[in-house]
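Residue-level listing of the chains:
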Amino acid sequence: MRIATWNVNSITARLPRLLAWLESSGTDVLCVQETKCTLEQFPTEALRELGYESAVNATGRWNGVAVLSRVGLTDVVAGLPGGPEYEGVAEPRAVSATCGPARVWSVYVPNGREVGHDHYTYKLRWLEALKEAVAADAAAAPPFAVLGDFNIAPTDDDVWDPSLFVGATHVTPAERAALAALHAEGLSDVMPRPLKYDRPYTYWDYRQLGFPKNRGMRIDLVLGNAPFAAAVKDSYVDREERKGKGASDHAPVVVDLDL
């Protein structure tokens with residue numbers, strides 16, 4: 001079974017690349033972030049023609065998440081139970097579903113903007129709610145994983161130059177502590193192997209030749225419970241999908257499982 005996560009940075013802008021990648025990659029389940037569309041605009045029919053069912057949480061031009069599956073799609077929950085609102089809005093940042101033998105969450109963790117901003121506080125509250133929401137599934141027997149854009153680099157090795165991020169979001173002790181709290185619920189980081197260079201970055205800024213110079217970050221993560229982690233055969237970042245015209249600024253993270 002092949003499960004992947006990909007922040008597509010607009011599913012309508014990236015649709016031809018997404019459809020081609022699904023066809024060529026043999027992915028069974030894909031967790032998508034930043035769909036940036038309404039529910040009505042989501043390309044459900046185009047995906048169905050490829051054999052994928054869609055579970056979608058999307059409300060407009062910002063945020064938005066989905067789970068695409070060709071191995072079944074049941075027990076869908078749209079949203080983060082108990083999650084905080086931001087400026088009075090419950091943003092579409094989480095959706096979960098059971099896909100064949102595994103249960104998955106697709107999450108798009110708030111960016112945080114800058115330390116001290118109310119969006120940073122919101123990010124920490126959102127992560128606390130996520131920890132509470134996934135605790136039961138993390139402890140259960142079926143394979144389970146939370147996949148998505150966490151907007152957190154787990155260690156200094158996960159950013160291309162840690163000195164440039166001092167005092168910035170994505171690397172603060174509080175954010176990393178929130179990630180560690182998820183690990184404490186029984187979820188471990190499925191580390192992708194690097195296919196080029198020595199670190200498997202998943203995001204490169206569009207500006208200042210970020211990708212050609214490999215000035216990246218590993219912020220797209222797969223956190224699996226013990227049965228999920230035990231089934232992992234391989235994991236890698238598909239850097240090819242960050243290349244060329246019309247690419248997202250994130251690359252897919254792919255996990256192969258013996259399920």
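The structure contained in this document is the topic of the report that follows. Source: prediction; values computed, not measured.

Structural notes on the pairing of strand β12 (residues 220-224)
In step 1: The element β12 is largely enclosed, with a buried count of 5 among its 5 residues.
In step 2: Across the two faces of β12 the burial is the same, with Asp220, Val222 and Gly224 and Leu221 and Leu223 all buried.
In step 3: In this structure, strand β8 (residues 144-149) lies alongside β12, joined through 5 bridges in antiparallel fashion. Note that in β12 the partner of Leu147 across the bridge is Val222.

A few points about the packing of aromatic side chains
In step 1: Evaluated as defined, the whole model comprises 3 aromatic pairs.
In step 2: Ring geometry for Trp204 and Phe211: centres 4.9 Å apart, planes at 85°, overall edge-to-face.
In step 3: Here Trp204 falls in the buried class, since its relative accessible area comes to 0%.

Some details on the sheet that holds strand β13 (residues 232-237)
In step 1: One open sheet holds the 6 strands; their spatial order is β3-β4-β2-β1-β14-β13, and the pairing between them is mixed. The sheet is open, and its two edges are formed by β3 (53-57) and β13, each paired on a single side. Strand-to-strand twist of the sheet, defined as the mean angle between neighbouring strand axes without regard to direction, takes the value 10°.
In step 2: Strand direction decides the pairing type here: strand β2 (residues 29-33) and strand β4 (residues 65-69), joined by 5 bridges, are antiparallel. Paired with Val32 across the strands is Ala66, a residue of β4.
In step 3: Against the sheet, helix α1 (residues 15-25) engages β1 (2-7), β2, β4 and β14 (253-257), with an angle of about 160° to β1.

A short note on the side chain of His119
In step 1: Tracing the backbone through its elements, the reader meets His119 in helix α3 (residues 118-139).
In step 2: Given the relative accessible area of 2%, His119 is considered buried.
In step 3: The residues touching His119, leaving out its near neighbours within four places in the chain, are Tyr86, Arg93, Pro110, Asn111, Gly112 and Arg113.

Some points on the layout of surface pockets
In step 1: In this structure, the largest pocket occupies an estimated 750 Å³ of space.
In step 2: Around the largest pocket sit 29 residues that line it, and Asn111, His170, Tyr203, Asp205 and Arg207 are the ones nearest its centre.

Observations regarding the state of the cysteines
In step 1: For the structure shown, the criterion picks out 0 disulfides.
In step 2: Looking at the unpaired Cys99, the closest cysteine sulfur is the one in Cys31, lying at 7.2 Å.

A short note on helix α4 (residues 173-184)
In step 1: For α4, which comprises 12 residues, the first-to-last C-alpha distance of 16 Å matches the rise-based estimate of 16 Å (1.5 Å per residue) to within 8%.
In step 2: Those residues of α4 hidden inside the fold are in contact with α3 and β12.
In step 3: A positive backbone phi angle near 105° is found at Gly186, which sits one or two residues after α4.

What about the sheet that holds β12?
In step 1: Taking strand neighbours across the sheet as the criterion, the 6 strands line up as β5-β6-β7-β8-β12-β9 in an open arrangement whose pairing is mixed. The open sheet has two edge strands, β5 (74-78) and β9 (188-189), and neither has a second partner.
In step 2: When β9 meets β12, the two strands line up antiparallel, connected through 2 bridges. Residue pairing for β12: Asp189 is matched across the bridge by Leu223.

Conventions we followed
Residues numbered from 1 in each chain as written. Predicted model: local features only at pLDDT ≥ 70, side-chain atom pairs only at ≥ 80, totals over all residues. Heavy atoms only, no water. Buried < 20%, exposed > 50% of the residue type's maximum accessible area, 1.4 Å probe, protein only. Helix = DSSP H or I, 4+ residues; strand = E, 2+ residues; numbered from the N terminus. Pairing = 2+ DSSP bridges. Phe/Tyr/Trp six-rings, centres within 6.5 Å; stacked < 30°, edge-to-face > 60°. Axes fitted to C-alpha atoms, helices over the stretch in contact; angles between N-to-C directions. Contact = heavy atoms within 4.5 Å. 1 Å grid on protein atoms, 1.4 Å probe; cavity = no way out; pocket = protein on both sides within 12 Å on 5 of 7 lines; lining within 4 Å. Points joined across faces, edges and corners; volume = space filled by probe spheres on them. Disulfide = S-S within 2.5 Å. Expected span 1.5 Å × (residues − 1).

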